[in-house]
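Spelled out, the chains give:
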Amino acid sequence: MRHLAGALLEIFQSRLELIGIELSEEKERLVGVAFLGLAAMLFGVLALMSLTALMIVVFWDTYRLPAVTGIVIVYFLLAGWCATRARDILREAPLPFGATLTEFKKDRNALRAD
């Protein structure tokens, strides 16, 4: 009985360590993605503001309204593409703690077999 309890504690400890490793990996991934996303948004906004100002200056005397309308349409299409891509990335992300859940299932099946 003492041997069985020790084995169960070792299994539980290894699973907790696996959860910790997976949590750390997930945190690093999310922080990296968040940082890159914020940097991309910052530089994207700066570029769009500069492009908008340039287009308005270039077409001020001749095609002011069509130029501004075209820029708004392009921004709208880009925003829609970004939102769709972000949604797809989140949908395709692996299940957090997948390896831990798999190991727990293996443990459960091994204990039921005995």
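Owing to the predicted nature of the structure, the values given are computational and were not obtained by experimental measurement.

**Focus: the overall build of the protein chain**
Okay, step 1: Broken down by element type, the protein chain carries three helices and zero strands.
Okay, step 2: From first element to last, N terminus to C terminus, the protein chain shows the α and β order α-α-α.
Okay, step 3: For 114 residues, the compact-globule formula gives about 13 Å, and the C-alpha radius of gyration of the protein chain, at 26 Å, lies well above that figure.
Okay, step 4: Counting only C-alpha atoms, the protein chain reaches 90 × 20 × 10 Å along its principal axes.

**Here we look at the UniProt feature "transmembrane region" (unreviewed entry) in the protein chain**
Okay, step 1: UniProt annotation of "transmembrane region" (unreviewed entry) refers to residues 30-59 and 65-83 when read in the numbering used here.
Okay, step 2: Along residues 30-59 the backbone is 97% helical and 0% strand, and the end-to-end C-alpha distance reaches 42 Å.
Okay, step 3: Here residues 65-83 is 100% helix and 0% strand, with 27 Å between the C-alpha atoms at its ends.

**A closer look at the pattern of salt bridges**
Okay, step 1: Summed over all chains, the structure comprises two salt bridges.
Okay, step 2: The salt bridge partner of Arg29 is Glu26, with a shortest N-O separation of 2.7 Å. Placement of the pair is Arg29 and Glu26 together in helix α1 (residues 2-58), with a separation of three residues, close to one helical turn.
Okay, step 3: For Glu26, a relative accessible area of 23% corresponds to the partly exposed category.
Okay, step 4: The shortest N-O distance in the salt bridge between Arg87 and Asp88 comes to 3.6 Å.
Okay, step 5: Arg87 gets classed as partly exposed once you look at its relative accessible area, which sits at 39%.
Okay, step 6: Judged by relative accessible area, which is 25%, Asp88 ranks as partly exposed.

**A few points about the packing of aromatic side chains**
Okay, step 1: Scanning the model with the defined rule gives zero aromatic pairs in all.
Okay, step 2: Note that Arg64 overlies the ring of Trp60, its terminal NZ or CZ placed 4.3 Å from the centroid.

**Digging into the side chain of Glu22**
Okay, step 1: Along the chain, Glu22 turns up in helix α1.
Okay, step 2: For the buried Glu22, no salt bridge is present, and the opposite-charge side chain at shortest range is Arg15, 9.9 Å distant.
Okay, step 3: Setting aside residues no more than four positions away along its own chain, Glu22 makes contact with Phe97, Gly98, Ala99 and Thr100.

**What to know about the environment of Thr84**
Okay, step 1: Considering the arrangement of structural elements, one finds Thr84 in helix α2 (residues 64-92).
Okay, step 2: At a separation of 2.9 Å, a polar atom in the side chain of Thr84 contacts the main-chain carbonyl oxygen of Gly80.

**Brief notes about a nonpolar patch on the surface**
Okay, step 1: Together, Leu48, Leu51, Leu54, Val58, Val74 and Leu78 make up an exposed nonpolar region whose accessible area comes to about 490 Å².
Okay, step 2: Those elements that place two or more of their residues in the nonpolar patch are α1 and α2.
Okay, step 3: Broken down by element, the nonpolar patch gets its largest block of residues, four residues, from α1.
Okay, step 4: Here Leu48 is to be found in helix α1.

Calculation notes
- Residues numbered from 1 in each chain as written.
- Predicted model: local features only at pLDDT ≥ 70, side-chain atom pairs only at ≥ 80, totals over all residues.
- Heavy atoms only, no water.
- Helix = DSSP H or I, 4+ residues; strand = E, 2+ residues; numbered from the N terminus.
- Rg over C-alpha atoms; globule rule 2.2 N^0.38 Å.
- UniProt positions renumbered as here; feature names shortened; annotations may be inferred.
- Salt bridge = Lys/Arg side-chain N within 4 Å of Asp/Glu carboxyl O.
- Buried < 20%, exposed > 50% of the residue type's maximum accessible area, 1.4 Å probe, protein only.
- Phe/Tyr/Trp six-rings, centres within 6.5 Å; stacked < 30°, edge-to-face > 60°.
- Lys NZ or Arg CZ within 6 Å of the ring centre and 35° of its normal.
- Lys, Arg positive; Asp, Glu negative; His and termini not counted.
- Contact = heavy atoms within 4.5 Å.
- Polar contact = N/O pair within 3.5 Å; in protein donor to acceptor, adjacent residues only side chain to side chain.
- Patch = residues over 30% accessible without salt bridge, like charges linked within 9 Å, V, L, I, M, F, W, Y side chains within 5 Å.
- Areas by Shrake-Rupley, 256 points an atom, 1.4 Å probe, with all protein chains shown as cover.

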